[in-house]
Amino acid sequence: MPLPHAAPLPPRRTIRSLYVHVPFCQTICGYCDFYSQVLDRGSVTPLVDSLLRELDLHTEQYDLQLDTIFVGGGTPTVLPPADLLRLLSRIRELAAPGCEFTVEANPATVTPQIADALAAGGVNRVSIGAQSFDRNELRVLERACGCARKSGSISPRASTHSKSAWLLCRMQQTRST
Ligand code: SF4
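Summarised in this report is the structure supplied together with it. Please read all numbers here as calculations on a predicted model, not as lab measurements.

Next up on the list: the overall build of the protein. When helices and strands are counted, the protein shows five helices and seven strands. Written out in order from the N terminus, the α and β elements of the protein read β-β-β-α-β-α-β-α-β-α-β-α. Looking at the protein residue by residue over its 177 residues, the buried ones come to 26%. Considering only residue pairs separated by 6 or more positions, the protein has 79% of its internal contacts joining residues 24 or more positions apart.

This part is about the site of the ligand. Residues in close proximity to the ligand total twelve residues, the closest being C25, I28, C29, C32 and F34. Here the shell around the ligand is composed, by residue class, of five nonpolar, six polar and one charged.

Here the focus is the packing of helix 1 (residues 44–61) against helix 2 (residues 81–92). The packing of two helices is summarised by the inter-axis angle and the distance between the axes. Their axes nearest at 10 Å, the elements helix 1 and helix 2 cross at an angle of 5°. For the element pair helix 1 / helix 2, the angle class is roughly parallel. In contact with V44, T45, V48, L51, L52 and L55 of helix 1, helix 2 contributes D83, R86, L87, R90 and I91. Its residues assigned to classes, the contact of helix 1 with helix 2 comprises seven nonpolar, one polar and three charged.

Moving on to the nonpolar core. Proteins that are soluble and globular tend to have nonpolar side chains buried together. In terms of nonpolar packing, the biggest core is built from 25 residues, with L84, L88, L118 and V123 touching the most fellow members. Elements with a minimum of two residues in this core: strand 4 (63–73), helix 2, strand 5 (95–105), helix 3 (112–120) and strand 6 (125–131). Residues within four places of L88 in sequence aside, it is in contact with A117, G121, G122 and V123.

Our next topic: the packing of helix 2 against helix 3. Their axes nearest at 9 Å, the elements helix 2 and helix 3 cross at an angle of 10°. The orientation of helix 2 relative to helix 3 falls into the category roughly parallel. Taken as a pair, helix 2 and helix 3 cross one another with a handedness that is right-handed. From helix 2, P81, L84, L85 and L88 reach across to helix 3, where they touch Q113, I114, D116, A117 and A120. Of the residues assigned to the contact of helix 2 with helix 3, the class counts are seven nonpolar, one polar and one charged.

Bridge count for strand 4 against strand 5 is five bridges, and the pairing is parallel. Bridge pairing in strand 5 places T68 opposite E100. In this fold, strand 4 hands off to helix 2, which returns the chain to strand 5; that crossover is right-handed.

The next point concerns unusual backbone geometry. Cis geometry is found at the peptide bond from G73 to G74, where omega equals 20°. Looking at where G74 falls in the secondary structure, it is placed in the loop between strand 4 and helix 2.

What counts and how
Residues numbered from 1 in each chain as written. Predicted model: local features only at pLDDT ≥ 70, side-chain atom pairs only at ≥ 80, totals over all residues. Helix = DSSP H or I, 4+ residues; strand = E, 2+ residues; numbered from the N terminus. Buried ≥ 20, exposed ≤ 12 C-beta atoms within 10 Å, placed from the backbone. Contact = placed C-beta atoms within 7 Å. Near = placed C-beta within 6 Å. Nonpolar A, V, L, I, M, F, W, Y, C, P; charged D, E, K, R; others polar. Axes fitted to C-alpha atoms, helices over the stretch in contact; angles between N-to-C directions. Parallel < 35°, antiparallel > 145°, perpendicular 65-115°, else oblique. Core = buried A, V, L, I, M, F, W, Y, C linked by C-beta atoms within 7 Å. Left-handed = near helix turned anticlockwise from the far one by under 90°. Pairing = 2+ DSSP bridges. Right-handed = clockwise from strand over helix to strand, strands pointing away.

Laid out in structure tokens, this is it:
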């Protein structure tokens, strides 16, 4: 008796965009509503392992051809450089040609080693959460005080990469009225 034909598998859905959330920060800013905790170094490896496992599951389930990738949080650049690079290197394997690969960064956490990890991980856009260039305002915001100029440490390593900076305009408007 001939075997019944198996039903053809449905085509896998193509996914073009990916957001990865890193739920750790150096400190928690008073105004922030995003989900994040103060960095617990003991949780970093399990977090990255879990994210990579989840990526593998999605790779099996979907056809990932990513045109845009955004790794945000939280503060991805608070991760130790080796762990950040481990995460970014796997993600970049899923990028389509010309993909915009962004990582969100707090200038207080961008060391030369982190900048190297961003460049080696294939990141071509860094979203710098400066929020303010005024140290007093940063203190009011209860924000880890890293002068926004520190973000210049990215430039020599990623001179062809684009950068964007977030400023809390509402706060500045409030002060000017
Ligand atoms: S660094 Fe960003 S994500 Fe972290 S607590 Fe401050 S505003 Fe929220």
